[in-house]
Amino acid sequence: VIGGVNGIVQSVTEYSYNSSTVSQNLNHGSISAPNATGGYIGGLVGITADYSIVRECLNIGDCNAPGATTGQLTGKASPEAEIHNSLVLGKASGWSGFAGTDKSSVTYGGLYYYLSGQTNVSGNYGDQGTELNSSQLGSSGSFSGWSIGSDNSLWSIQSETSPAYPIPLNSE
C-alpha cells in the first residue's frame, strides 16, 4: 500500500495494470493532518495509482494539512488515472483542486465544484471542472452526462439542504 491520508481510501494501487475503481463515495468529514508535510492528502483517496478510476463521488469535507499536497478527490493522481462525474463542495482553503498533484496526466470529465464565498480558485478547479452557483447546484440539468433523478440513477438531488445538491445514491 502506498502512503497517503484521506477520508475514504488510503490508496488505490495498480497491480500489473489491473485498475481499481472508487465509485459512489461521499466524504462529509474534516481531515486534519498537521504533521503530514510532504505527504498526499485526498478527500476520498490519498494516492490514485496508474489506470485507477475515481467516479460518481462527492467531497464536502474540509482539510487542515499544512505542508502536504492536497486534493478534494485525490491527493496524488498518477499517470493514466481517471476522475469522472464527481462534485466538490465547501471551502477551497486547505485543498489545491480536484487532484493535488500530477493534474496534467489525468483524464478528467464531468467534474463540478461549488465553493461558496470563495474567489480566485479557477486555476485549481477550473482547468478540470465547471463552477456552479447555488441555483445550478440543485438542478439536474446542470450536470451534463450524469444520471440524476431517473430510474437506476447514480445521483439524487437533496432538496432539503440549502443549497440543494446531488449526492451519490448508493453511498453509505
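The rules behind each value
- What you see as residue numbers is a count from 1 along each chain, following the sequence as written.
- In view of the model being predicted, local features appear only for residues whose pLDDT reaches at least 70, and side-chain atom pairs are presented and counted only at 80 or more, with totals across whole chains, interfaces and linings using the full set of residues.
- Note that the side-chain values use all heavy atoms of the structure and ignore hydrogens as well as water.
- Helix and strand labels come from DSSP, where a helix needs a run of H or I of at least four residues and a strand needs a run of E of at least two; each type is numbered from the N terminus.
- Accessibility here uses a 1.4 Å probe with only protein chains present; expressed as a share of the type maximum, an area under 20% marks a residue as buried, one over 50% as exposed, and anything in between as partly exposed.
- Two strands pair under a simple rule: DSSP has to find at least two bridges between them.
- Throughout this description, the term nonpolar core refers to a set of buried Ala, Val, Leu, Ile, Met, Phe, Trp, Tyr and Cys residues connected via side-chain atoms within 4.5 Å.
- Nitrogen and oxygen atoms within 3.5 Å of one another constitute a polar contact, given that in protein one can donate a hydrogen and the other can accept it, and given that sequence-neighbouring residues count only through two side-chain atoms.
- A fitted line through C-alpha atoms serves as each axis, taken over the contacting stretch for helices, and the angle formed by two N-to-C directions is quoted from 0 to 180°.
- Between 30 and 60 degrees the pair is tilted, below 30 it is stacked and above 60 it is edge-to-face, where a pair is any two Phe, Tyr or Trp rings, Trp via its six-membered ring, whose centres lie within 6.5 Å.

**Student:** Mind laying out the environment of serine 78, listing which residues take part and the relevant values?
**Tutor:** The residue serine 78 is located in the loop between strand 12 (74–77) and strand 13 (82–84) in this model. Assessed through its relative accessible area of 10%, serine 78 is described here as buried.

**Student:** Tell me about the sheet that holds strand 9 (residues 58–59), residues and numbers included.
**Tutor:** Two pairing modes exist for strands in a sheet, parallel and antiparallel, and in both the strands are linked by backbone hydrogen bonds. In spatial order, the strands read 4-9-14-16-17; together these 5 strands make up an open sheet with parallel pairing. With partners counted over all chains shown, the strands left at the sheet margins are strand 4 (26–27) and strand 17 (130–131), one partner each.

**Student:** Please provide a residue-by-residue account of the nonpolar core, values included.
**Tutor:** Ile41, Leu73, Ile83, Phe98, Tyr108 and Tyr125 are the most contacted members of the largest nonpolar core, which totals 26 residues. Core analysis: the next-biggest nonpolar cluster, separate from the first, contains 14 residues, Leu87, Leu132, Trp155 and Tyr165 among them.

**Student:** Give me unusual backbone geometry: which residues, what numbers.
**Tutor:** Residue serine 162 is joined to proline 163 through a cis peptide bond whose omega torsion reads 0 degrees. In the Ramachandran plot, asparagine 85 falls in the positive-phi region, its phi being about 40 degrees despite a non-glycine side chain. Assessed through its relative accessible area of 15%, asparagine 85 is described here as buried.

**Student:** Let's hear about the environment of serine 96: which residues, and what values?
**Tutor:** Within the fold, serine 96 resides in the loop between strand 14 (87–89) and strand 15 (107–109). Within the local environment of serine 96, its side chain forms a polar contact with the backbone oxygen of threonine 70, the two atoms lying 2.3 Å apart.

**Student:** Could you give an account of the sheet that holds strand 8 (residues 53–55), naming the residues involved and the relevant values?
**Tutor:** The parallel open sheet is built from 4 strands, whose spatial order is 3-8-13-15. Whereas interior strands pair on both sides, the edge strands pair on one side only; in this sheet they are strand 3 (21–23) and strand 15. Ignoring strand direction, the axes of neighbouring strands in this sheet form an average angle of 5 degrees. Of the strand pairs in this sheet, strand 13 and strand 15 are connected by 3 bridges, and their pairing is parallel. Paired with isoleucine 83 across the bridge in strand 15 is tyrosine 108.

**Student:** Would you mind going over the packing of aromatic side chains in detail, with residue names and values included?
**Tutor:** Across all of its chains, the model carries 5 aromatic pairs by this definition. An aromatic cluster of at least three residues, connected via ring pairs, comprises Tyr112, Phe143, Trp146 and Trp155.

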